[in-house]
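A look at the structure
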Amino acid sequence: MMQQIDWIVLAGIILFLCVVIALLVRFVKDLANPSQRKSSGSGSGGGVIGALGVLDRIVNPAGAHVEEAKEVEQEEQGVGGE
């Protein structure tokens, strides 16, 4: 006989597997239909570029690097028009 905790764990495992399968199906559908993807241009890579910039500042915190980052930031503000 299965105890109550066994049923709860079994239900949790089944629910988890259903969610994972649904996510995989959605992922494969997105890969199969590239025309339906959102083409947001340069906005999609902004988070990755920002994260790499922060990582670079952590790894190389030299004063010259800080000055270079300030120059790049000023250039970005000039291009963005803000």
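For clarity, every value in this text was computed on a predicted model and none was experimentally measured.

Reading the values: the criteria
- Residues numbered from 1 in each chain as written.
- Predicted model: local features only at pLDDT ≥ 70, side-chain atom pairs only at ≥ 80, totals over all residues.
- Heavy atoms only, no water.
- Helix = DSSP H or I, 4+ residues; strand = E, 2+ residues; numbered from the N terminus.
- Buried < 20%, exposed > 50% of the residue type's maximum accessible area, 1.4 Å probe, protein only.
- Areas by Shrake-Rupley, 256 points an atom, 1.4 Å probe, with all protein chains shown as cover.
- Patch = residues over 30% accessible without salt bridge, like charges linked within 9 Å, V, L, I, M, F, W, Y side chains within 5 Å.
- Salt bridge = Lys/Arg side-chain N within 4 Å of Asp/Glu carboxyl O.
- Lys, Arg positive; Asp, Glu negative; His and termini not counted.
- Charge placed at Lys NZ, Arg CZ, Asp CG, Glu CD.
- 1 Å grid on protein atoms, 1.4 Å probe; cavity = no way out; pocket = protein on both sides within 12 Å on 5 of 7 lines; lining within 4 Å.
- Points joined across faces, edges and corners; volume = space filled by probe spheres on them.
- Nonpolar A, V, L, I, M, F, W, Y, C, P; charged D, E, K, R; others polar.
- pLDDT = per-residue confidence, 0-100.

Digging into the overall build of the protein
Per the secondary structure count, the protein includes three helices and zero strands. Along its sequence from the N terminus, the protein presents helices and strands in the succession α-α-α. Sorting the 82 residues of the protein into buried and exposed places 2% on the buried side. For the protein, the accessible surface area stands at approximately 7,600 Å², while carbon and sulfur atoms represent 65% of it.

Remarks on a negative patch on the surface
A cluster of acidic residues, D56, E67, E68, E71, E73, E75 and E76, forms a negative patch on the protein surface. At six residues, helix 3 (residues 63–80) tops the list of elements feeding residues into the negative patch. The topology assignment puts E75 in helix 3.

Here we look at the layout of surface pockets
One number sums up the size of the largest pocket: a volume of about 280 Å³. If you list the elements that add at least two residues to the lining of the largest pocket, you get helix 2 (46–59) and helix 3. For the lining of the largest pocket, the residue count by class is four nonpolar, three polar and five charged.

Quick word on the confidence of the model for the protein
Predicted confidence across the protein gives a mean pLDDT of 79, with 77% of residues reaching 70 or more. Taken element by element, the predicted model of the protein shows its lowest mean pLDDT in helix 3 (74) and its highest in helix 1 (residues 4–32) (94).

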